[in-house]
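Listed here are the chains, written in short residue letters.
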Amino acid sequence: MGNGRTPGEIMESWNLVKNTFTNRYIALAFRLFLGGVFIYASIYKIAYITEFAESIASYQIVPYWAVNIMAIILAWMELICGLLLVAGIRSKSAVVMIAFMLALFTAAMSISLIRGISMGCGCFSGTDAPITWKTLVRNIAWLAMAAHVYYFDSLFHPEKNIFTSISAMSHATHHHVPEADIPPPMRQVEDIKK
Amino acid sequence: MVDGVDKTDLPLLEPRKSLENLEKKAFYLQTLLDTSRELADLVQPRQILDRFLLMVMGALGIVQGIGAVINTDTGQGLVAGRGIPDPALNEISNNIPEISKKYFSERGKPLGTTPRVKVITGDAITGQGLCSAHMQVLILSDLLPGGFSCLLALGERITGEPLSEQDNSVLLNLANILANSLSHAISLMNIQQMNADLLKKNAELEATIEDFGQTRQNLEKRYFHIESLMDLNAELRSLIDEDELLRLFLLASMGPIGIEKGFILVYDREDRVAKSAYRGIENGKALHPQVCEMLLYSAFDKTEPKSLTNMSFGRFDAPGIFKEAGIDIEPECAFFFVIDLSCMGIAAFGPPVSGNSLSSNERSLMAGQMAGFMAYLEKARAFSMIKKLNEDLTSRNEQLTQTVQDLTRAMNRITALEKSRTHLKMVVQKEAERVSRASWLDCALIFFFALGLGLLFNLAPQGISFLPESVTKSAFPSASVVEARKLVEEGAAVLVDARPKELYDRSHIKGAINIPLSLFDTMYPVTLGELDLKRPVIVYGRTVSRLYDVEFANRLKKRAHEDVRVLPGGVREWETEGHQVK
């Protein structure tokens, strides 16, 4: 108020911010980025699954009997979710799962940081730098990206487009045939059936 | 006859006169006798009249006389005269009806067969006006047979004397004789007439009998023809097969008349189908449609009157056309018939076996048979058509039923497809809606897909076991802290920290050597490689996520170390027991 901006200008600025924040292309960029990150991360984990299992174990959160299975599942989930996100197929579900994994990782990191365990995060390779608060913030930023993607992503969803096209096609082809266009024998049959 | 002469007068007359009288009587008697004799042989009334007039007039000396025999029923009669000129006689002849009316009609006709004779003389006949001549005697006789009456008029005597009583008496007797003679003559004449009539009737009767015989013969023939026509009709009535109809028609129409050769052709111009039948003709064959059309055209050309009306037929005479068509028949009687404009035909019959020509009756019989045959042929064709239509109808009905079934099936399919489409559409819409939001199902799918792929990929050599070895392998003997400390301090056992280096660096039991499990294969040779296999090795180090000690012990066991023990409490318990950690 002090600098003399009218409510209209404020509103305009707010709308600009809002529009920028909710921009679909930004959401698309986030989606592709997140997808790429997860694909990239998963490839190493899948290739060196033992190291990834060790990384999980290093967090000392997961019970020992579940570490290997979790490693196997998480690595492939990252790959599948990353691919789905990039391809725009079931991207909502994929981004939810990615967010879930990010939240999981963030929580694990937080616990490790609180415990003061110095260890590599195991995010991209077994030789990652030890976890720091920066790593935690990065994860939170990715989580925010995931939320943005969840709410504002609407571009390049081939699966959705296909379903919409089929539905539209079905609407277009299904039209009532006027009685006059039915050939006489058919009409007789209709009468007989009546 | 002599009763009229009065015998009592004879003694009163003078002898001469008596003699004269006697002579006169004798004369009269002789006259009566002669007259009777003369008239007895005569049979013709005219002759009787002529002779009687002659006899009477001669005997009585009369100069004029007229006689007439009249049929009072018809007013006709005959007239004879003596001493009367012909014009007068002709006049009397012409006036017979009036004379009959005048003298006989008023008297009636009493019953009886005996002739009635009446003699009128003198003034009684004055004014009668029979003729121009003056008559003094009028003799009337009626009741003759056959309705005849006789009239006799006599004139005056040559002497001019009037007739005496005796004369009148004689005259009466003579009139009776005349009446009887006429009666006989008329009866005879009637008998003769009746005889002649009888003869005539007899002749007529014979002629009639002869005609009757002829008529009967004709009737019998007709009856036979009609019977054969009825038989033909009865046989043809039940036939519906055209070929059989043609064959039977020839058989039934030729038999009664005795015809040797017969041929019939029925040609359908629309379908160009010819049906023919032969009888008594050798090498009868099916005719080509072109030949049939030529035959029909020739026949129609010769038929009089020409007609193409439905169900009509006409006779034709066209010698030679059948020979040209290759049919060995020279017809005595041939018909061209039209069932309708699309169906025509020819029927030809050769001469009878007897060699005679066909009579008009036989021809009319054949025409009748022809008409009957045409009716049955039309019926057979109609039946064929109905049958064909029925078959067509049945076929079409089947087709229609099939079509209805097909259409019903198609409609059911369409309905099913519509339902599927609706269902698919709903699924698609649902999916379209679902892809635009997160769903538990997708998440579960991703999870299980990841699990499946991971497990599958993990089957590769670089894969890891699903469960750690510490879970799957058997447990190792554990060492207590006290035992472990003692062994370590005595130097009897080697204490190994199997945790990663970071954890080891953070805190470890004093005297323990760090061989991280992940570096076992690398570090073992340089650390424990030289160690006596019987020397106890105590391994410690585990977290919630890893049982390093157990896994390490497993590997040592694989390297043939005989005494491997695990310190489950690890650093924490060691420290709790108050021992030194580093």
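Residues numbered from 1 in each chain as written. Chains lettered and ligands numbered in written order. Predicted model: local features only at pLDDT ≥ 70, side-chain atom pairs only at ≥ 80, totals over all residues. Heavy atoms only, no water.

This part is about the interface of chain B and chain A. At the junction of the two partners, chain B supplies 47 residues and chain A supplies 48 residues. Note on chain B versus chain A: buried area summed over both sides is about 4200 Å², and carbon and sulfur give 69% of it. Applying the counting criterion to the chain B and chain A interface returns 2 salt bridges. Here Arg 546 of chain B ties to Glu 54 of chain A by a salt bridge, and the two come within 2.7 Å at their closest N and O atoms. Of all the elements in the fold, those that place two or more residues in the side of chain B that touches chain A are α9 (360-435), α10 (440-457), α11 (469-472) and α13 (501-506) of chain B. Per element, the largest residue contribution to the side of chain B that touches chain A is 13 residues, and it comes from α9 of chain B. (Contact = heavy atoms within 4.5 Å. Buried area = accessible area lost by both parts, 1.4 Å probe. Salt bridge = Lys/Arg side-chain N within 4 Å of Asp/Glu carboxyl O. Helix = DSSP H or I, 4+ residues; strand = E, 2+ residues; numbered from the N terminus.)

A separate point is unusual backbone geometry. The backbone of Arg 90 of chain A shows a phi angle near 45 degrees, a positive value even though the residue is not glycine. Note on placement: Arg 90 of chain A falls in the loop between α4 (67-87) and α5 (91-115).

Residues and elements named next belong to chain B. Following both chains from N to C, one finds helix α1 (residues 15-40) and helix α2 (residues 45-60) inclined at 170 degrees, their axes separated by 10 Å at the closest point. Relative to α2, the element α1 lies roughly antiparallel. Listed contacts from α2 to Phe 27, Tyr 28, Thr 31, Asp 34, Thr 35, Glu 38 and Leu 39 of α1 are Ile 48, Arg 51, Phe 52, Met 55, Ala 59 and Leu 60. Residue composition of the contact of α1 with α2, grouped by class: 8 nonpolar, 2 polar and 3 charged. (Axes fitted to C-alpha atoms, helices over the stretch in contact; angles between N-to-C directions. Parallel < 35°, antiparallel > 145°, perpendicular 65-115°, else oblique. Nonpolar A, V, L, I, M, F, W, Y, C, P; charged D, E, K, R; others polar.)

A turn of α-helix holds 3.6 residues, and therefore any two residues three or four places apart point the same way. All names here are of chain A. Of the positions making up helix α3 (residues 49-59), those classed as buried are Ile 49, Phe 52, Ala 53, Ser 55, Ile 56, Ala 57 and Tyr 59. Against the buried residues of α3 lie α2 (24-47), α4 and α5. Directly beyond the C-terminal end of α3, a positive phi value near 60 degrees is found at Gln 60. (Buried < 20%, exposed > 50% of the residue type's maximum accessible area, 1.4 Å probe, protein only.)

Residues and elements named next belong to chain B. Strand order in the open sheet made by the 4 strands is β12-β11-β13-β14, with parallel pairing throughout. Single-partner strands in this sheet number two, and they are β12 (513-514) and β14 (564-567). With 4 bridges connecting them, strand β13 (residues 537-540) and β14 associate as parallel partners. Bridge pairing in β14 places Val 539 opposite Val 566. (Pairing = 2+ DSSP bridges.)

Okay, a nonpolar patch on the surface next. On the surface, a cluster of nonpolar side chains totalling about 350 Å² of accessible area is made up of Trp 65 and Ile 69 of chain A together with Phe 466 and Leu 467 of chain B. Checked against the element boundaries, Trp 65 of chain A lands in the loop between α3 and α4. (Patch = residues over 30% accessible without salt bridge, like charges linked within 9 Å, V, L, I, M, F, W, Y side chains within 5 Å. Areas by Shrake-Rupley, 256 points an atom, 1.4 Å probe, with all protein chains shown as cover.)

Residue and element names in this part refer to chain B. Residues Ser 312, Gly 314 and Phe 316 of strand β8 (residues 312-316) are buried on one face, while the alternating residues Phe 313 and Arg 315, pointing to the opposite face, are not. Of the pairings in the sheet, the one linking β8 to strand β9 (residues 333-340) comprises 5 bridges and is antiparallel in character. By the bridge assignment, Ser 312 is partnered in β9 with Val 338.

Here we take up the confidence of the model for chain A. With 84% of its residues at a pLDDT of 70 or more, chain A has an overall mean of 81. Confidence, read as mean pLDDT per element, is least for helix α8 (residues 184-193) of chain A in chain A (53) and greatest for α4 of chain A (92). (pLDDT = per-residue confidence, 0-100.)

What follows covers the pattern of salt bridges. All names here are of chain B. Applying the stated criterion across every chain yields a total of 24 salt bridges over all chains. Notably, a salt bridge pairs Lys 261 with Asp 328, separated by 3.4 Å at the nearest N-O pair. Highlighted residues: Lys 261 in the loop between α6 (242-254) and β6 (262-268) and Asp 328 in the loop between α8 (321-324) and β9, separated in sequence by 67 residues. A residue is classified by how much of its surface remains accessible, and Asp 328, at 36% relative accessible area, is partly exposed. Note that Glu 293 is salt-bridged to Arg 272, the shortest N-O span being 3.0 Å. Within this pair, whereas Glu 293 is found in helix α7 (residues 289-302), its partner Arg 272 is found in the loop between β6 and β7 (273-279), the two being separated by 21 residues in sequence. Look at the salt bridges and you will find they share partners, linking Arg 157, Glu 161 and Asp 167 into a network.

Residues and elements named next belong to chain B. If you trace the 5 strands from one edge of the open sheet to the other, you get β7-β6-β10-β9-β8, paired in antiparallel fashion. Of all strands in the sheet, those with a lone pairing partner are β7 and β8, marking the two edges. On average, each strand axis in the sheet is inclined to that of its neighbour by 15 degrees, with strand direction left out of account. Taken strand by strand, α7 contacts β6, β7, β8, β9 and β10 (343-349), and its axis lies near 105 degrees from that of β6. The strands that α9 touches are β6, β8, β9 and β10; relative to β9, the one it contacts most, it runs at about 30 degrees.

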